[in-house]
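Chain by chain, the residues:
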Amino acid sequence: GYGDATRLADALDLRQWIRWCDEHELRVFEVRRAHIELFGRSLEADGKASATVARRLSTVAGFYRYCFEEELLSRSPAAHVRRPRVDYESKVSGLDRNELGMFLVQAGLCGGRDHALACLLALNGLRISEALNADIEHLGLERGHRTLVITRKGGKLVTIPLAPRTARAIDLCVGERETGPILLNHDGSRRLDRHAATRIVKRLAKSGGIDKNISPHSLRHSFITAALDAGVALRDVQEAASHADPRTTMRYDRARQSLDRHATYIVATYLAGASR
């Protein structure tokens, strides 16, 4: 039931674990917990981020849990492995309001595919895979809203509304075509891929004078932070971002520690009207 990206990441993690075992002359089914923790320490010594180390240890733990469930092992050596504490704050380099506006201005000047891609990422907060897999057949109209059906994580189909700017950008990008991918490569022969999309995003950022290392996920990050800064309710932002856990959405809320937004002011104002 896992998606392609998850399977590729897990395979990479397991290959690194098995390579480490080979380098230390360890048999994969004979390791002990201390060996797995040493693997984690070696990743940290190589400069890997805490989140990367935690993910790789989680993959190794999942592998041995599966082996135990299939009775290939009498117990899992990774059952009680200690994982590094991961900083809950998002470290993705996002754009502020002015930078995001400049980015969209540059995308609009380029027009066509670049503008459509920028709008889907920055104004709808789509994951890059969701934007690239969108097809013309998925466009629709529902109760006066221009809509797009996308496939979220886990294969769930979701209908999202398109802002007028996004709808116009997509219409200009699609032109007279009636089927196929919304976003095509430079010669229109096939679907735009992740690497080309990343190059487009970086080029638009540079053209807008944005001196940050921007990726497609940076625009999703910027969409979420912009929505929270604009006062959109956390639950609505969570739904728009397709986060299963609201704590994931809260990672992007840069202003949640601001005293200006403390609930005491809202409650005091609300109750003041009742005490008269």
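Residues numbered from 1 in each chain as written. Predicted model: local features only at pLDDT ≥ 70, side-chain atom pairs only at ≥ 80, totals over all residues. Heavy atoms only, no water.

1. Here we look at the pairing of strand β1 (residues 139–142)
- Where β1 meets strand β2 (residues 145–151), four bridges bridge the pair, whose relative direction is antiparallel. Directly across from Gly140, in β2, lies its bridge partner Thr147. (Pairing = 2+ DSSP bridges. Helix = DSSP H or I, 4+ residues; strand = E, 2+ residues; numbered from the N terminus.)

2. Notes on helix α8 (residues 194–207)
- Here α8 contains 14 residues, and its C-alpha end-to-end distance of 20 Å stays within 8% of the 20 Å for a straight helix at 1.5 Å per residue.
- Within α8 the residues assigned to the buried category are Ala196, Ala197, Ile200, Val201, Leu204 and Ala205.
- Contacts made by the buried residues of α8 are with α4 (97–110), α5 (112–122), α6 (128–132) and α9 (216–229).
- At the N-terminal end of α8, a side-chain oxygen is found 3.1 Å from the backbone nitrogen of His195, two or three residues along, and the residue is Asp193.
- Downstream of α8 by one or two residues, Gly209 has phi in the positive range, about 75 degrees. (Expected span 1.5 Å × (residues − 1). Buried < 20%, exposed > 50% of the residue type's maximum accessible area, 1.4 Å probe, protein only. Contact = heavy atoms within 4.5 Å. Polar contact = N/O pair within 3.5 Å; in protein donor to acceptor, adjacent residues only side chain to side chain.)

3. Regarding the environment of Arg146
- Its place among the elements puts Arg146 in strand β2.
- Along the sequence, Arg146 and Met102 sit 44 residues apart, while their C-alpha atoms lie 25 Å from each other.
- Those residues in contact with Arg146 that sit more than four places away from it in its chain are Gly140, Leu141, Ile160, Pro161, Leu162, Ala167 and Asp171.
- A distance of 2.9 Å separates the side chain of Arg146 from the side chain of Asp171, its partner in a polar contact.

4. Side note on the confidence of the model for the protein chain
- Per-residue confidence for the protein chain averages 85 on the pLDDT scale, and 90% of its residues sit at or above 70.
- Of all the helices and strands in the protein chain, helix α11 (residues 246–250) carries the lowest mean pLDDT, 73, while α5 carries the highest, 93. (pLDDT = per-residue confidence, 0-100.)

5. Looking at the sheet that holds strand β3 (residues 157–161)
- Here we have three strands laid out as an open sheet, ordered β1-β2-β3, and antiparallel in their pairing. Each edge of the open sheet carries a strand with a single partner, namely β1 and β3. Each neighbouring strand pair of the sheet contributes to a mean axis angle of 40 degrees, computed without reference to strand direction.
- Pairing analysis gives five bridges linking β2 to β3, with the strands arranged antiparallel. Bridge pairing in β3 places Thr151 opposite Leu157. (Axes fitted to C-alpha atoms, helices over the stretch in contact; angles between N-to-C directions.)

6. Topic: the packing of α5 against α8
- Where α5 meets α8, the closest approach of the two axes is 11 Å, and the angle between their N-to-C directions is 90 degrees. In terms of their interaxial angle, α5 and α8 are classed as roughly perpendicular. In this structure, α5 uses Arg113, Asp114, Leu117, Ala118 and Leu121 to contact α8, whose residues at the interface are Ala197, Ile200, Val201, Arg203 and Leu204.
- In the contact of α5 with α8, the residues fall into seven nonpolar, no polar and three charged. (Parallel < 35°, antiparallel > 145°, perpendicular 65-115°, else oblique. Nonpolar A, V, L, I, M, F, W, Y, C, P; charged D, E, K, R; others polar.)

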